[in-house]
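Tertiary structure, described
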Amino acid sequence: MTNEDERELEAELTRLQQEHRDLDAAIDAMHQSPAPDLLRLQRLKKRKLLLRDRIAFIEDQITPDIIA
């Protein structure tokens, strides 16, 4: 992997982590509302899980393999 590829992955990782935090805040806010939109809440949680999976994948790509 070239340095440029790694920088692009790190930039995407930063963006995805921020989006994940924003979704977390939105989900918490919806839970606090008196009548949350359950369908929207479910969609936000699903998006958050997809982001978590993508973040884990990118972190695995950035982290070098260690042969024991």
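Residues numbered from 1 in each chain as written. Predicted model: local features only at pLDDT ≥ 70, side-chain atom pairs only at ≥ 80, totals over all residues. Heavy atoms only, no water.

Looking only at helices and strands, the protein chain has 2 helices and 0 strands in total. A globule of 68 residues ought to have a C-alpha radius of gyration of about 11 Å, yet the protein chain, at 16 Å, is considerably larger. Dimensions of the protein chain, computed from C-alpha atoms along their principal axes, come out at roughly 50 × 25 × 15 Å. Partitioning the intrachain contacts of the protein chain with sequence separation of at least 6 by distance along the chain shows that 67% fall at a separation of at least 24. As presented, the protein chain carries roughly 5,500 Å² of accessible surface, and 53% of it is formed by carbon and sulfur atoms. On the protein chain, the mean spot of the 11 positive side-chain charges and the mean spot of the 15 negative ones are 9 Å from each other. (Helix = DSSP H or I, 4+ residues; strand = E, 2+ residues; numbered from the N terminus. Rg over C-alpha atoms; globule rule 2.2 N^0.38 Å. Contact = heavy atoms within 4.5 Å. Areas by Shrake-Rupley, 256 points an atom, 1.4 Å probe, with all protein chains shown as cover. Lys, Arg positive; Asp, Glu negative; His and termini not counted. Charge placed at Lys NZ, Arg CZ, Asp CG, Glu CD.)

The end-to-end C-alpha separation of helix 2 (residues 38-62) is 36 Å, in line with the 36 Å expected for 25 residues at 1.5 Å each. Those residues of helix 2 lying buried are L41, L44, L51, I55 and I58. Regarding helix 2, its N-cap is D37, as a side-chain oxygen of that residue lies 3.3 Å from the backbone nitrogen of L39 further along. (Expected span 1.5 Å × (residues − 1). Buried < 20%, exposed > 50% of the residue type's maximum accessible area, 1.4 Å probe, protein only. Polar contact = N/O pair within 3.5 Å; in protein donor to acceptor, adjacent residues only side chain to side chain.)

What follows is about helix 1 (residues 3-32). For an α-helix, the turn length of 3.6 residues means that residues three or four places apart are oriented alike. For helix 1, which comprises 30 residues, the first-to-last C-alpha distance of 44 Å matches the rise-based estimate of 44 Å (1.5 Å per residue) to within 8%. Among the residues making up helix 1, those that are buried are L9, L13, L16, L23, I27 and M30.

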